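# Residue-level structure breakdown
Chain by chain, the residues run as shown.
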2 protein chains.
Amino acid sequence: MERKNRPLILISNDDGVNAKGIRELIETLRDVAELVVMAPDGPRSGAACAITSEYPVRPTLLVEEEGLKIYRCNGMPVDCVKLAMYMLGKRPDLVIGGINHGDNSSVNVHYSGTMGVVLEGCIKGIPSIGFSLCDHAADADFQPMLPFVRRIVVETLEKGLPRGVCLNVNAPSSKSYQGVRVCRQAKGDWSNEWECCQHPRGGEYYWLTGRYDTEEPQSEDTDYWALKHGFIAITPIQVDMTAYAVMDELNNWNLDI
Amino acid sequence: MERKNRPLILISNDDGVNAKGIRELIETLRDVAELVVMAPDGPRSGAACAITSEYPVRPTLLVEEEGLKIYRCNGMPVDCVKLAMYMLGKRPDLVIGGINHGDNSSVNVHYSGTMGVVLEGCIKGIPSIGFSLCDHAADADFQPMLPFVRRIVVETLEKGLPRGVCLNVNAPSSKSYQGVRVCRQAKGDWSNEWECCQHPRGGEYYWLTGRYDTEEPQSEDTDYWALKHGFIAITPIQVDMTAYAVMDELNNWNLDI
């Protein structure tokens, strides 16, 4: 693509600026667009849409090359997007979160710092995509999903997304894929969430852990099902969380004082 | 209510266990239900649905009285709900976040730690409500909204909520109210989000600040409008963030490799 017409993509994540996933994403997209990366200085897994209000945040420029700038930041993933948009002085054509080390499908969209990046881009009216690989390992193999990442990015740059809608893309850990499926968010929850340990000076402390299960393993239209069957799952996600279907019922409640 | 048939309500917040808002909520609901409070040991404003995976969390019992237990916890609001549910050994009848010091309406539902509490309760299948007063002050006057809080809690205990739906209740800072309105989440965003300062040893650091504006100030069905016109806004919120309306369009994209 000609230099001056190249799109601008803002990238962040929740695994930190040195994670393998974001580094491979950068390499994959360098010839597609001008890239600005603002990513946390360390792990922020499970940061959701958290923002930093109790202390100031500080960006540090790490890399400045033709078509690529990389900053690290001591804030949260959402802070990274907000701060980069402020410093850029122009609107990016796309915001990308990832590639995350670990599954952000189903209800995990709510806990994911990667999807925090994406929702923030979406709230600001920029087409936004989160990419996640269902493998937490630091040396996870992102290669098989990279052609799909590139295809989805190019297609999103061309087609755009409706205002208030972003994409949550999850890939199973696999050498090859059945293809791509457009899905809905599966219903489910975590159980056995705490590992209890004895504190050496008395009392107990707890590590967050647990197991995710869907309530609807047979539903073929969910992201859960797609991932279990070797597909890359694209779940469109919206900023508007209003439960429109229950508004009439609530209007019949007795809420007078 | 007779002792043994009293409902059980789990309470948390994002302003910390010592905030005025949670203390007034507890006093208001003591005769309605048995209360278990697990709240952060300090401010977690803007914690969203963040969870703590990098360090362990630890609860400390602060108060144990007839019908009331209060714990503080070093984790995030969502951790508080997860840990309390684990320690309780039985399911609460209701999960409540708040009363928050500050507005959680509109797009702020995504950043709010109070709504993190509520979404976690909702994911776990418990009817859940977030209460917020549009006043950030530590000594904000919660008295005028308390009768409405009580009414909404009693009605929710009686009627229940559909699975996957919770309530985001916001009250304007006011001596009196026009009443209660069932609303949808207003569209909007923050601008002028950063205050830049010079670091004494060189470089710049940034405080998150900003101003919220809606894109649709005239829409009378939004929480934004209700709050501006002296109503308490009840916005039903759903865990399922799927943008169903765009699934057909995405199925027409060229995503083959």
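Right, let's walk through the structure included here. Fair warning: this is a prediction, and the values are worked out from it, not measured in the lab.

On to the interface of chain B and chain A, then. Listed as interface residues are 65 residues of chain B and, on the opposing side, 64 residues of chain A. If you list the elements that add at least two residues to the side of chain B that touches chain A, you get helix 2 (77-88), helix 3 (113-123), helix 4 (146-159), strand 8 (179-182), strand 10 (194-198), strand 11 (204-208), strand 13 (231-238) and helix 6 (247-251) of chain B.

Moving on, we get to the relation of the copies chain B and chain A. Overlaying chain B on chain A yields an RMSD of 0.0 Å, the required transformation being a rotation through 180° with an accompanying axial translation of 0.0 Å. The transformation just described matches what one would write down for a two-fold rotation axis. Take the interface residues of chain B: 98% of them recur as interface residues in chain A, which is what a same-surface contact looks like.

With that settled, consider the packing of helix 2 (residues 77-88) of chain A against helix 3 (residues 113-123) of chain A. Residue and element names in this part refer to chain A. With their axes 7 Å apart at the nearest point, helix 2 and helix 3 run at an angle of 30° to one another. The element helix 2 and its partner helix 3 pack so that their crossing is right-handed. Counted together, Pro-77, Val-78, Val-81 and Lys-82 of helix 2 and Gly-113, Thr-114, Gly-116, Val-117, Glu-120 and Gly-121 of helix 3 form the full contact between these two elements. Taken together, the residues of the contact of helix 2 with helix 3 break down into four nonpolar, four polar and two charged.

Residues and elements named next belong to chain A. Taking burial as the measure, the six residues of strand 6 (residues 128-133) include six buried ones, the bulk of the element. Burial along strand 6 is two-sided: the face carrying Ser-128, Gly-130 and Ser-132 and the face carrying Ile-129, Phe-131 and Leu-133 are both buried. Two strands pair when backbone bridges link them, and strand 5 (residues 94-101) and strand 6 are joined in this way by five bridges, in the parallel orientation. In the strand pairing of strand 6, Asn-100 is matched with Ser-132. In this fold, strand 5 hands off to helix 3, which returns the chain to strand 6; that crossover is right-handed. As for the winding sense of the linkage, the β-α-β connection from strand 6 through helix 4 (residues 146-159) to strand 7 (residues 165-171) is left-handed.

This brings us to the sheet that holds strand 3 (residues 59-65) of chain B. Residues and elements named next belong to chain B. Spatial strand order, 3-4-2-1-5-6-7-13-8: nine strands in an open sheet with mixed pairing. Looking along the sheet, the strands with just one partner apiece sit at the ends: strand 3 and strand 8. Neighbour to neighbour, the strand axes of the sheet diverge by 20° on average, direction disregarded. As defined by bridge partners, strand 1 (residues 8-12) adjoins strand 2 (residues 34-40) across four bridges and the pair is classed as parallel. Residue pairing across strands places Leu-8 opposite Glu-34, the latter belonging to strand 2.

To continue, consider the nonpolar core. Across soluble globular proteins, you tend to see nonpolar side chains buried next to one another. In this structure, Ala-50 of chain A together with Ala-50 of chain B are the most contacted members of the largest nonpolar core, which totals 162 residues. Apart from residues no more than four positions distant in its own chain, Ala-50 of chain A is found in contact with Met-76, Val-78 and Gly-116 of chain A together with Gly-46, Ala-47, Ala-48 and Ala-50 of chain B.

With that settled, consider the sheet that holds strand 3 (residues 59-65) of chain A. All names here are of chain A. Spatial strand order, 3-4-2-1-5-6-7-13-8: nine strands in an open sheet with mixed pairing. Edge strands, defined here as strands with exactly one partner in the open sheet, are strand 3 and strand 8 (179-182). Averaged over all pairs of adjacent strands, the angle between their axes in this sheet comes to 20°, without regard to strand direction. Strands strand 1 (8-12), strand 2 (34-40), strand 5 and strand 6 of the sheet are contacted by helix 1 (residues 20-29), whose axis makes an angle of about 135° with strand 5.

All names here are of chain A. The end-to-end C-alpha distance of helix 4, which contains 14 residues, comes to 20 Å, matching closely the 20 Å that a straight helix rising 1.5 Å per residue would cover. Those residues of helix 4 that fall on the buried side of the exposure criterion are Phe-148, Val-149, Ile-152, Val-153 and Thr-156. Looking straight down helix 4, one finds that the buried residues subtend no more than 135° of arc, so they occupy a single side. Opposite its buried face, helix 4 presents the exposed residues Pro-147 and Glu-158, each directed more than 90 degrees away. Residues of helix 4 that are buried make contact with helix 1, strand 5, strand 6, strand 7, strand 8 and strand 13 (231-238). Positioned one or two residues after helix 4, Gly-160 has a phi angle of 70°, which is positive.

A separate point is the environment of Trp-225 of chain A. All names here are of chain A. On the secondary structure map, Trp-225 appears in helix 5 (residues 223-228). Each C-alpha atom of the pair Trp-225 and Thr-214 lies 9.4 Å from the other, and the pair is 11 residues apart in sequence. For Trp-225, the contacting residues outside a window of four places in its chain are Ser-219 and Glu-220.

Parameters and conventions
Residues numbered from 1 in each chain as written. Chains lettered and ligands numbered in written order. Predicted model: local features only at pLDDT ≥ 70, side-chain atom pairs only at ≥ 80, totals over all residues. Contact = placed C-beta atoms within 7 Å. Helix = DSSP H or I, 4+ residues; strand = E, 2+ residues; numbered from the N terminus. Least-squares fit on C-alpha atoms with pLDDT ≥ 70 in both. Axes fitted to C-alpha atoms, helices over the stretch in contact; angles between N-to-C directions. Left-handed = near helix turned anticlockwise from the far one by under 90°. Nonpolar A, V, L, I, M, F, W, Y, C, P; charged D, E, K, R; others polar. Buried ≥ 20, exposed ≤ 12 C-beta atoms within 10 Å, placed from the backbone. Pairing = 2+ DSSP bridges. Right-handed = clockwise from strand over helix to strand, strands pointing away. Core = buried A, V, L, I, M, F, W, Y, C linked by C-beta atoms within 7 Å. Expected span 1.5 Å × (residues − 1). Arc of directions from axis to C-beta.

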